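If you want the building blocks of each chain, they are given just below.
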Amino acid sequence: MTNVLRPLSFSEPATSVRLSYQVAMPEPQNHLFEVVLVVDGWTGAQLDLKFPVWTPGSYLVREYARNLQELRVTTSEGLPLPARKCSKSHWRIETQGQTEIQVRYRVYANELSVRTNHLDSSHGYFNGAALFFYIPDYQDLPIRVSITPPPGWQVTTPLPRVANTETTYEAVDFDTLVDSPFEIGTHAVYPFSVRGKAHELAVWGQGNLNPSQVIPDIQKIIEVEADLFGGLPYDRYLFLLHLASQGNGGLEHKDCCSLNYPRFGFRDRDRYYRFLNLVAHEFFHLWNVKRIRPKALEVFDYDQENYTPCLWFSEGTTSYYDQLIPLRAGIYNASHYLKLLGASITRVQATPGRHVQSLTEASFDAWIKYYRPDANSANAQVSYYLKGEVVSLLLDLLIRNASNSQRSLDDVLRLLWQQFGKREIGFTAEQLQESLEAAAGLDLSTFFNRYVEGTDELDYNQYLEPFGLKLKETYEERERPPYLGLRVKAENGSQLINFVEFGSPAQRAGIDPGDELLAIDGLRVKGDRLADRLQDYQPGQSVTLTVFHQDELFTRRVTLGKPCPDGYQVVGLTNLSEAQKRNYQAWLGDSPQPGTDS
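Residues numbered from 1 in each chain as written. Predicted model: local features only at pLDDT ≥ 70, side-chain atom pairs only at ≥ 80, totals over all residues. Heavy atoms only, no water.

Q: What exactly am I supposed to notice about the environment of S392 here?
A: Tracing the sequence through the fold places S392 in helix α8 (residues 386–402). Classification of S392 as buried rests on a relative accessible area of 1%. It is 17 Å that separates the C-alpha atoms of S392 and T428, two residues lying 36 residues apart in sequence. (Helix = DSSP H or I, 4+ residues; strand = E, 2+ residues; numbered from the N terminus. Buried < 20%, exposed > 50% of the residue type's maximum accessible area, 1.4 Å probe, protein only.)

Printed below as a string of structure tokens:
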């Protein structure tokens, strides 16, 4: 199946410099993309080339240049030109008066993720930031990309095809090139339409995905999000889906998203719903963060980190809506939504780092912490996705309650869209708070000081109660064991402790991550039987743990604590007032179910 793309003629840039790339993969099984950059019309004595160190939407310096090899620079006649490396991702070429410079290089591509490149005998996939150079001060020039695919392979990308060509595409500037991934292979392409605009679902990999089921659900999600923002700000949109043996993630783009999902994750109802949450999340990003974006991300600096304290809103608020959107679309009901909400709150409450790191700190430090977890991460960090989601919930409920359900977080997003998104100018943290306050009709300084810039425990019930709901601790039917505060993972026949909660009985006794658990009170114990063994004890009792600590045998006396809840559920209250019923229905679009105060 071929793509129907609008043709585009090559426009004359303001400068005489013209940029084009050629991408080939003559032996895809060797995982090497072969790339040629042609710079035509150059007049300078030197040409600087830089390789991005990160890609927008994934806030980690990934050092894409580490996969670049065999760089060679020549004239149009093939004569070599001197090139030297100035830094890890910066090359300088002595042009010797040549107006056309050709830069040849290979990029190793064997990492299947939405933010990297992957090439094998079945397909090729690449992101612009991980494959292409940019020329400083020339990022605004249009760039052509010509693909030479292996026989029988097709090309799918959100970029428009150049008129009268088969596999040549044009980006209006480097940002657009970075924002436009390519899928090259024998993938299936399913076209569909929403509100008169063209959409495609491109699927690589085998699995139990049923396009006749998923496409109508995707259409419903698109409709709901279009209603929220007042239309669709593109002419054509592409969903790129990789079905793999493992992994679950996405990366947003203005006119496209890349999705990775387990190949057999579509038959089970809950797993299918999780896929639709992923779709709703990445599609929502075409507004929130791709167009409505923090000031620090208004102009991308591809050389280094782009710090912002607002990722909690860009990602967390999007996470809040990715669960609401399928509910509004009628894909699942309020009962399922509240189950998802309880699961999110459970994960927040299971993170000790919520007492240590604020949302603004988590946003700012994403570059050095979120993508680099270690044994202490859960003690010292909180996810700006996860806590951002539940703080967005509280803000939505606050605004709804304060306005008698006349306004909501929807209004905040629409205001940001009108003020910032349509013009693609960045907002500051202060402007974000002002927009929320305008919708709430309240000064939110205390809320922000406590929950966004501070680490106060979230008061869920204060915000849930006006909607006839409360947060309830849950315990498994079996008796809960006393609290020890560590987790064990079997590895190569050993029971390795991979997490010790700060302030827990285990931590206070000197147990460390990396210790090998051997015995409790002199009897061998395995990680999968640890909870059962602890049930033989009561809170306040002391036990002796035997561990190997850096190969040295140690015994530690540990005083066990009170059992912790398994999780949390959002449940209904009894004897609801008419105001609670109205609030619930205005929020979740359904009548509240009978609840219990127990």
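From this point, the narrative continues.
Q: Sorry, what's going on with the pairing of strand β17 (residues 197–204) here?
A: With six of eight residues buried, β17 lies mostly within the body of the structure. Here strand β16 (residues 188–194) runs beside β17; their pairing, made up of seven bridges, is antiparallel. By the bridge assignment, Y190 is partnered in β17 with L201. Linking β16 back to β17 in an antiparallel pair, the connection comprises two residues, with R195 at a positive phi of about 55°. (Pairing = 2+ DSSP bridges.)

Q: Help me out: how do you make sense of the packing of helix α3 (residues 269–284) against helix α5 (residues 334–349) in this one?
A: Each pair of packed helices gets described by two things: the angle between the helix axes and the distance between those axes. Contact pair α3 / α5: the axes reach a minimum separation of 13 Å and the direction vectors enclose 75°. Between α3 and α5, the angle falls in the class roughly perpendicular. In this structure, α3 uses R269, D270, Y273 and N277 to contact α5, whose residues at the interface are H336, K339 and L340. By residue class, the composition of the contact of α3 with α5 is two nonpolar, two polar and three charged. (Axes fitted to C-alpha atoms, helices over the stretch in contact; angles between N-to-C directions. Parallel < 35°, antiparallel > 145°, perpendicular 65-115°, else oblique. Contact = heavy atoms within 4.5 Å. Nonpolar A, V, L, I, M, F, W, Y, C, P; charged D, E, K, R; others polar.)

Q: Any chance you could explain the pairing of strand β8 (residues 100–108) here in plain terms?
A: Each regular strand carries side chains that alternate between the two faces of the sheet. As judged from the nine bridges shared by strand β3 (residues 32–40) and β8, these two strands associate in the antiparallel manner. By the bridge assignment for β8, E34 is matched with R106.

Q: I keep staring at the packing of aromatic side chains and nothing clicks. Help me out?
A: The way to describe two aromatic rings as a pair is by their centre distance and the angle between their planes. All told, the structure shown has 51 aromatic pairs when counted by the stated rule. Ring geometry for F229 versus W287: centroids 4.5 Å apart, planes at 10°, classification stacked. One end of the pair, F229, is in helix α2 (residues 211–229); the other, W287, is in the loop between α3 and α4 (311–328), with 58 residues separating them in the sequence. With respect to burial, F229 and W287 carry one shared label: buried. Ring centres of F447 and Y451 lie 5.0 Å apart, and the angle between their planes is 85°; this geometry places the pair in the edge-to-face category. Remark: Y451 and F447 occur in helix α11 (residues 445–452); sequence separation between them is four residues, near one turn of the helix. F447 gets classed as buried once you look at its relative accessible area, which sits at 5%. Y451 sits in the buried class, given a relative accessible area of 1%. Within the aromatic cluster, the residues linked to one another by ring pairs are F192, F229, Y234, Y237, F239, F283, F284, W287, Y320, Y321 and W417. The ring of Y234 has K197 sitting right over it, with the charged end atom 5.8 Å from the ring centre. (Phe/Tyr/Trp six-rings, centres within 6.5 Å; stacked < 30°, edge-to-face > 60°. Lys NZ or Arg CZ within 6 Å of the ring centre and 35° of its normal.)

Q: Sorry if this is basic, but what is going on with the pattern of salt bridges here?
A: Close approach of charged atoms lets side chains of opposite charge pair. Applying the stated criterion across every chain yields a total of 27 salt bridges. D48 is the salt-bridge partner of R92, the closest N and O atoms lying 2.7 Å from each other. Placement of the pair is R92 in strand β7 (residues 90–94) and D48 in strand β4 (residues 46–50), with a sequence separation of 44 residues. The shortest N-O distance in the salt bridge between R106 and E70 comes to 3.5 Å. Taken as a pair, R106 in strand β8 and E70 in strand β5 (residues 68–75) lie far apart in primary sequence, 36 residues in all. Take R106: its relative accessible area is 23%, and that puts it in the partly exposed class. Sharing partners across several salt bridges, the network here consists of E34, E70 and R106. (Salt bridge = Lys/Arg side-chain N within 4 Å of Asp/Glu carboxyl O.)

Q: Help me understand the sheet that holds strand β15 (residues 182–185), please; the structure alone is not making it clear to me.
A: What holds strands together in a sheet is hydrogen bonding between their backbones, with the strands either parallel or antiparallel. As summarised here, the arrangement of the four strands in space is β9-β10-β15-β12, forming an open sheet in which the pairing is antiparallel. Two strands bound the open sheet, and with one partner strand each, they are β9 (118–120) and β12 (154–156). The sheet shows a mean angle of 15° between the axes of neighbouring strands, taken without regard to direction. When strand β10 (residues 123–126) meets β15, the two strands line up antiparallel, connected through four bridges. Considered in β15, the bridge of Y125 is made with E183.

Q: For this particular structure, what's the right way to read the nonpolar core?
A: When a protein is soluble and globular, its nonpolar side chains tend to lie buried together. Core analysis: the largest hydrophobic core is formed by 155 residues, its most contacted members being F132, F239, Y337, F447 and W587. Every residue in contact with Y337, bar those within four places of it in the chain, is listed here: Y320, Q323, L324, L327, Y332, L393, W587 and L588. Counting residues in hydrophobic clusters, the runner-up holds 18 residues, among them L486, I497, L530 and V543. (Core = buried A, V, L, I, M, F, W, Y, C linked by side-chain atoms within 4.5 Å.)

Q: Just to check I follow, could you spell out the side chain of T116 for this structure?
A: Structurally, T116 can be placed in the loop between β8 and β9. Within the structure, the side chain of T116 is placed 2.6 Å from the side chain of S113, a separation counted as a polar contact. In this view, T116 contacts Y64, E111, Y125, F126 and N127; residues no more than four positions away in its chain are not counted. (Polar contact = N/O pair within 3.5 Å; in protein donor to acceptor, adjacent residues only side chain to side chain.)

Q: I tried to follow helix α10 (residues 429–440) on my own but got confused; where do I start?
A: One turn of an α-helix holds 3.6 residues; hence residues three or four places apart share an orientation. Relative to the 16 Å expected for twelve residues at 1.5 Å per residue, α10 spans 17 Å between its end C-alpha atoms, a close match to the ideal helical length. Restricting attention to buried positions, one finds in α10 the residues L432, Q433, S435, L436, E437, A439 and A440. Tucked inside the fold, the buried residues of α10 contact α4, α8, α9 (409–421) and α11. Following α10 by one or two positions, G441 has its phi on the positive side, about 70°. (Expected span 1.5 Å × (residues − 1).)

Q: Got a minute to help me understand the sheet that holds strand β19 (residues 249–252) in this structure?
A: The five strands are arranged β16-β17-β18-β20-β19 in an open sheet whose pairing can be described as mixed. Each having just a single partner strand, β16 and β19 make up the two edges of the open sheet. If you compare each strand with its neighbour and ignore which way they point, the axes differ by 15° on average. As paired elements, β19 and strand β20 (residues 256–262) share four bridges and run antiparallel to each other. Opposite L251, over in β20, you have S258 as the bridge partner.

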